[in-house]
Amino acid sequence: MVTCNTPLNGFASAKFVDGASNGSDSKKLRVEEAPPSRVLHIRKLPNEATDTEVIALGLPFGKVTNILTLKGKNQAFLEMGTEEAAITMVNYYSTVTPHVRNIPVFIQYSNHKELKTDSANQSGGSPSTDVQEVLGAASSPVLRIIIDNMFYPVTLDVLQQIFSKFGTVMKIITFTKNNQFQALLQFSDPANAQQAKLALDGQNIYNSCCTLRIDFSKLVNLNVKYNNDKSRDYTRPELPAGDGQPTIDPGVAAAFSKDSSSLLGKIPGALNPLSAAAAAAAAAGRVALAGQAGSSGVLLVSNLNEEMVTPQSLFTLFGVYGDVQRVKILYNKKDSALIQMSDANQAQLAMSHLNGQKMYGKIIRVTLSKHQTVALPRDGLDDQGLTKDYANSPLHRFKKPGSKNFQNIFPPSATLHLSNIPQDVTEDDLRLLFSNAGGTVKAFKFFQDRKMALIQMSTVEEAIQALIDLHNYNMGGSQHLRVSFSKSTI
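- Named according to an unreviewed UniProt entry, the protein is Polypyrimidine tract-binding protein 2-like originating from Sphaeramia orbicularis.

Structure representation (structure tokens):
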């Protein structure tokens with residue numbers, strides 16, 4: 001049982017004019033400021049406030065060591081681990097009004113220097129039975145994170161961005177279990193883990209999807225063997241990448257360090273939802289876009305090479321960033337096309353990655369169209385094959401929610417990732433195939449299982465051309481080559 005070592009009504013040398021201390025607005029309070037103390041008095045709490053919510057007020061500033069709630073009086077006493085933490089907390093909340101359940105509350109120093117655990121329940125205090133459980137749960141610095149409704153990519157870098165707002169993230173391990181993306185994340189301090197759990201559990205990373213479900217892990221330390229896209233030990237940058245895993249691109253880390261405000265707001269503990277397109281762009285190591293995707297999923301692509309471009313080539317290239325439903329090359333302006341993606345988020349993502357890229361020797365321009373859909377030709381009308389409907393295409397990369405393809409969306413790059421390679425295909429076979437696509441192969445590397453490889457062309461434009469020509473290329477039998485952009489270099 002938690003009690004104070006001085007009478008409860010002695011907080012902050014405050015005197016209630018009518019002798020009552022229920023914290024209601026009808027009571028006039030005259031406060032003589034108490035000297036700094038690690039025990040803080042919190043007033044005007046909502047009736048339904050929980051100990052966990054009160055503790056959450058203090059966790060951003062340091063360890064919380066005890067709490068005493070006065071349920072009938074809408075008040076609580078919160079004991080911080082150090083006086084310095086309490087001073088930081090009071091100073092912060094003097095400029096930013098603290099809220100519990102959207103109700104403003106008031107925080108000041110108490111005359112109590114500590115809250116003692118005692119068998120006696122003095123002065124009507126009603127400590128919650130789960131106080132020690134709430135505080136004790138924070139003994140582990142490791143969180144177990146499950147992502148529900150993962151319709152857009154959540155990568156190790158995205159998690160590091162979000163959780164580093166609450167303290168130093170030391171290690172992360174990601175894995176798939178029961179068809180769910182999960183992660184173990186270790187902070188340097190258990191208090192940071194508790195703070196992150198309280199603030200983020202149940203929040204959506206992106207608009208209406210990718211919901212964080214957070215629990216404490218029974219582990220107290222993670223053993224990370226490799227630094228790659230699946231696991232990371234930030235305290236040991238010298239760790240190897242491991243067989244078959246791409247190494248970390250330093251440019252991606254730099255982009256994230258510059259863009260630390262893109263996923264989380266400036267208020268401690270606030271998770272601001274992004275458009276999924278911006279979030280996916282961030283997941284790909286790009287700076288998140290300001291503003292939201294348009295209401296339409298239709299793109300207007302201009303400055304195309306009208307001698308070379310086909311609906312199929314646009315379907316293949318734009319299909320890297322979303323599921324293309326329809327493509328229409330304009331009959332009277334064949335250097336322009338309308339492309340209908342599955343939704344506005346995919347359209348925004350494709351636009352952010354492909355605007356300004358070179359396709360068939362020309363720099364293409366990609367903007368959001370005012371059209372809501374791409375119309376098909378009327379029955380019996382021949383439009384010379386300029387309009388194609390891909391709604392039922394088996395080549396869509398993102399049909400399945402939570403597909404690994406969501407985690408492999410990267411900007412166009414000179415290095416391509418190849419997969420679904422037959423066992424009897426050699427490096428020379430693939431080098432020849434990609435050279436015949438009109439480019440120069442600069443480097444090649446098989447992954448250990450030889451079902452996947454990286455191939456580096458001399459320019460990004462050559463890689464774009466090779467992807468258009470060779471994605472879904474029949475390698476013999478029923479095996480078709482899969483080609484995507486890589487963030488790795490060889």
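1. What about the overall build of the protein?
Moving on, step 1. Within the protein, the secondary structure is distributed over eleven helices and 27 strands.
Moving on, step 2. For the protein, the residues scored as buried account for 50% of the 490 residues in total.
Moving on, step 3. Contacts in the protein between residues far apart in sequence, at least 24 positions, make up 70% of those at least 6 positions apart.
Moving on, step 4. Carbon and sulfur atoms make up 48% of the accessible area of the protein, which totals about 22700 Å².

2. Thoughts on helix 10 (residues 427-436)
Moving on, step 1. For helix 10, every residue scored as buried is listed here: Leu430, Leu433 and Phe434. The arc enclosing the buried residues of helix 10, seen along the axis, measures out at 90 degrees, which places them on a common side. Across helix 10 from its buried face, at more than 90 degrees, point the exposed residues Asp428, Leu432 and Asn436.
Moving on, step 2. Of the surrounding elements, those touching the buried residues of helix 10 are strand 24 (415-419), strand 25 (441-446), strand 26 (453-457), helix 11 (460-470) and strand 27 (482-485).
Moving on, step 3. At the exit of helix 10 stands Gly438, carrying a positive phi of roughly 105 degrees.

3. Digging into the sheet that holds strand 12 (residues 169-177)
Moving on, step 1. Taking strand neighbours across the sheet as the criterion, the six strands line up as 14-15-11-13-12-16 in an open arrangement whose pairing is antiparallel. Of all the strands in the sheet, just strand 14 (204-206) and strand 16 (231-233) have a single pairing partner and so form its edges. Within this sheet the neighbouring strands show an average axis-to-axis angle of 25 degrees, counted without direction.
Moving on, step 2. Lying over the sheet, helix 4 (residues 156-163) contacts strand 11 (142-148), strand 12, strand 13 (180-187), strand 14, strand 15 (209-216) and strand 16, oriented at roughly 135 degrees with respect to strand 12.
Moving on, step 3. Relative to strand 15, helix 5 (residues 190-200) is tilted by about 140 degrees, and along the sheet it contacts strand 11, strand 13 and strand 15.

4. Section: the side chain of Gln325
Moving on, step 1. Note that Gln325 resides in strand 18 (residues 324-329).
Moving on, step 2. Every residue in contact with Gln325, bar those within four places of it in the chain, is listed here: Gln340, Met341, Ser342, Lys388, Asp389, Tyr390, Ala391 and His396.

5. Section: the nonpolar core
Moving on, step 1. Ranked by internal contacts, the top residues of the largest apolar core, which has 53 residues, are Leu314, Phe318, Met359, Leu416, Leu418, Leu430 and Phe434.
Moving on, step 2. With six residues, helix 11 is the single largest residue contributor to this core.
Moving on, step 3. Inspection of this core shows a minimum of three residues originating in each of domain 3 (298-389) and domain 4 (410-485).
Moving on, step 4. Setting aside anything within four residues of it in sequence, one finds Leu416 in contact with Phe434, Ala453, Leu454, Ile455, Met457, Ala463, Ala466, Leu467, Val483, Ser484, Phe485 and Ser486.
Moving on, step 5. Counting 28 residues, the second-largest nonpolar core is a separate cluster that includes Phe163, Val169, Phe181 and Ala199.

6. Examining the packing of helix 8 (residues 311-318) against helix 11
Moving on, step 1. The contact between helix 8 and helix 11 brings their axes to 9 Å, and the two run at 110 degrees. As the angle between them shows, helix 8 and helix 11 are arranged roughly perpendicular. In terms of crossing hand, the pair formed by helix 8 and helix 11 is right-handed. Two secondary-structure elements touch here, helix 8 through Ser313, Thr316 and Leu317 and helix 11 through Ile464, Leu467 and Ile468.
Moving on, step 2. The residue makeup of the contact of helix 8 with helix 11, split by class, is four nonpolar, two polar and no charged.

7. Some thoughts on the pairing of strand 26
Moving on, step 1. Taken across its five residues, strand 26 has five buried, putting it largely inside the fold.
Moving on, step 2. Of the two faces of strand 26, the one holding Ala453, Ile455 and Met457 and the one holding Leu454 and Gln456 are both buried throughout.
Moving on, step 3. Across four bridges, strand 24 lies against strand 26 in antiparallel orientation. Residue His417 lies in a different strand from strand 26, and its bridge partner there is Leu454.
Moving on, step 4. By the bridge criterion, five bridges tie strand 25 to strand 26 in an arrangement that is antiparallel.

Reading the values: rules and limits
Throughout this description, residue numbers start from 1 for each chain and increase along the sequence as written. Per-residue local features are limited, in this predicted model, to residues with pLDDT of at least 70; the limit for side-chain atom pairs, both in listing and counting, is 80 or more; totals at the level of whole chains, interfaces and linings are taken over all residues. The side-chain values count all of the structure's non-hydrogen atoms but skip hydrogen atoms and water molecules. Only runs of H or I of at least four residues qualify as helices and only runs of E of at least two qualify as strands under DSSP, and these elements are numbered from the N terminus. Exposure classes here rest on a 1.4 Å probe applied to the protein chains alone. A residue is buried below 20% of its type maximum, exposed above 50%, and partly exposed in between. Contact between two residues is taken to exist if any of their heavy atoms lie within 4.5 Å; hydrogens are not considered. Accessible areas in this description were obtained via Shrake-Rupley with a 1.4 Å probe; residue shielding takes into account the shown protein chains only. In this description, one arc is meant: the one made by directions from the helix axis to the C-beta atoms. In this analysis, strands are considered paired if DSSP registers two or more bridges between them. Interaxial angle, 0 to 180 degrees, is taken between N-to-C directions of lines fitted to C-alpha atoms, where a helix line uses only the stretch in contact. The criterion is simple. A nonpolar core is a set of buried Ala, Val, Leu, Ile, Met, Phe, Trp, Tyr and Cys residues joined through side-chain atoms within 4.5 Å. Each domain's extent was defined by an automatic or database domain assignment. Any angle from 65 to 115 degrees is called roughly perpendicular, while one under 35 is roughly parallel, one over 145 is roughly antiparallel, and all others are oblique. We call a crossing left-handed when the near helix sits turned anticlockwise from the far one by less than a right angle, and right-handed when that turn is clockwise. Basically, the charged four are Asp, Glu, Lys and Arg, the nonpolar ten are Ala, Val, Leu, Ile, Met, Phe, Trp, Tyr, Cys and Pro, and anything else, Gly included, counts as polar.

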